[in-house]
Amino acid sequence: MKILVCVKQVPDTTEVKIDKEKGTLIREGVPSILNPDDANALEEALKIKDKYKDVTVTVVSMGPPQADYMLRECLAMGADDAFLLSDRAFGGSDTWSTSNAIVAGINKIGQFDIIFAGRQAIDGDTAQVGPQIAEKLHMPQVTYVQNLEIKGNELEVQRQLEDGYEIIKVDMPVLLTAVKELNEPRYMSVDKIFDAYKKEIVVLGFNDIDIDTNHVGLKASPTKVFKSFTPQPKGKGVMLEGTSKKKVEQLVVALKQKHII
Ligand SMILES: Cc1cc2nc3c(=O)[nH]c(=O)nc-3n(C[C@H](O)[C@H](O)[C@H](O)COP(=O)(O)OP(=O)(O)OC[C@H]3O[C@@H](n4cnc5c(N)ncnc54)[C@H](O)[C@@H]3O)c2cc1C
């Protein structure tokens, strides 16, 4: 079985600081990490590899050259090989262009029984890339996967809903997007860290994949970021005074005014 995991390098947003004067995000010195949902996607692929014979796990990312580090982390967790789609021509891609490039990359790399993606990247936060890849590869997809069982060529998948889950049976090849409830990602192992630095990460540029300039990059993107800004911080909280009864009355009035209740 051949499994592909789409992985994105993202800024560790728990550590992002805001420049108060310019109102912009301070990216300098902010560490980059493997997108958390993608770590769950990779873990699930590795669990399948642990359980069954003849499973290969490939990781692919589109990003700048420094994504090499994150891909080596994936190899050190247990992935077999890694591909990086990297070219200036890919810069400024929105989700449509990003998925076009990833699909062109996948077509170059090979065919897969399962393609995993994370549900969402913590920087772009759109949750669109996985489903777009499935559409463009004419593949069925199940998003928000919180549990997975393989039964022959069929997968039995639990798809997370707001108030429960649904069970979906789907044949391979299929694209699945992982949520954090799916598993607990493993740590890198020391011997695999050494191996990861010996392996080649195959870099594919614009001329290495079958794509034209109308399908990738800033100009080709149907959406453009017009403005970005830091949201205003919430105002100071209000302390309610008086007896418990009085406080509850004031609280109910305030919640009604805000149409919360
Ligand atoms: C209107 C718009 C304009 C943009 N303009 C720019 C820009 O000018 N410059 C810029 O750098 N970015 C830009 N972006 C961000 C860029 O589109 C996103 O980083 C990228 O498309 C992925 O979307 P996302 O982060 O929302 O991922 P999601 O859709 O939330 O990611 C879901 C999953 O898809 C997979 N995935 C997503 N991205 C990648 C990737 N690169 N490689 C491998 N797997 C991936 C991962 O498995 C991930 O968990 C723009 C986004 C939008 C919406």
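Our subject is the structure listed above.
Described below are features of the structure shown in this document.

## Concerning the pairing of strand β8 (residues 114-118)
Taken across its five residues, β8 has five buried, putting it largely inside the fold. Here β8 shows two buried faces, one formed by Ile 114, Phe 116 and Gly 118 and the other by Ile 115 and Ala 117. Of the strand pairs in this sheet, strand β1 (residues 2-6) and β8 are connected by three bridges, and their pairing is parallel. Residue pairing for β8: Leu 4 is matched across the bridge by Ile 115. The pairing of β8 with strand β12 (residues 174-178) spans five bridges and is parallel. Each residue of the ladder has a partner; that of Ile 115, found in β12, is Leu 175.

## Examining the site of the ligand
The full set close to the ligand counts 29 residues, and Cys 6, Lys 8, Asp 38, Ala 121 and Thr 126 are the nearest of them. Asp 38 places a side-chain nitrogen or oxygen 2.4 Å from an oxygen atom of the ligand. For the ligand, an oxygen atom lies 2.8 Å from a polar atom in the backbone of Ala 127. Considering the ligand on its own, with 940 Å² of exposed area, one finds that the protein chains cover 79% of that surface. Secondary structure elements with two or more residues in the shell around the ligand: β6 (56-62), α3 (95-109), β8 and α4 (129-136). Its residues placed into classes, the shell around the ligand shows ten nonpolar, 13 polar and six charged.

So, how was this worked out
- Residues numbered from 1 in each chain as written.
- Predicted model: local features only at pLDDT ≥ 70, side-chain atom pairs only at ≥ 80, totals over all residues.
- Heavy atoms only, no water.
- Buried < 20%, exposed > 50% of the residue type's maximum accessible area, 1.4 Å probe, protein only.
- Helix = DSSP H or I, 4+ residues; strand = E, 2+ residues; numbered from the N terminus.
- Pairing = 2+ DSSP bridges.
- Near = heavy atom within 4 Å.
- Polar contact = N/O pair within 3.5 Å; in protein donor to acceptor, adjacent residues only side chain to side chain.
- Areas by Shrake-Rupley, 256 points an atom, 1.4 Å probe, with all protein chains shown as cover.
- Nonpolar A, V, L, I, M, F, W, Y, C, P; charged D, E, K, R; others polar.

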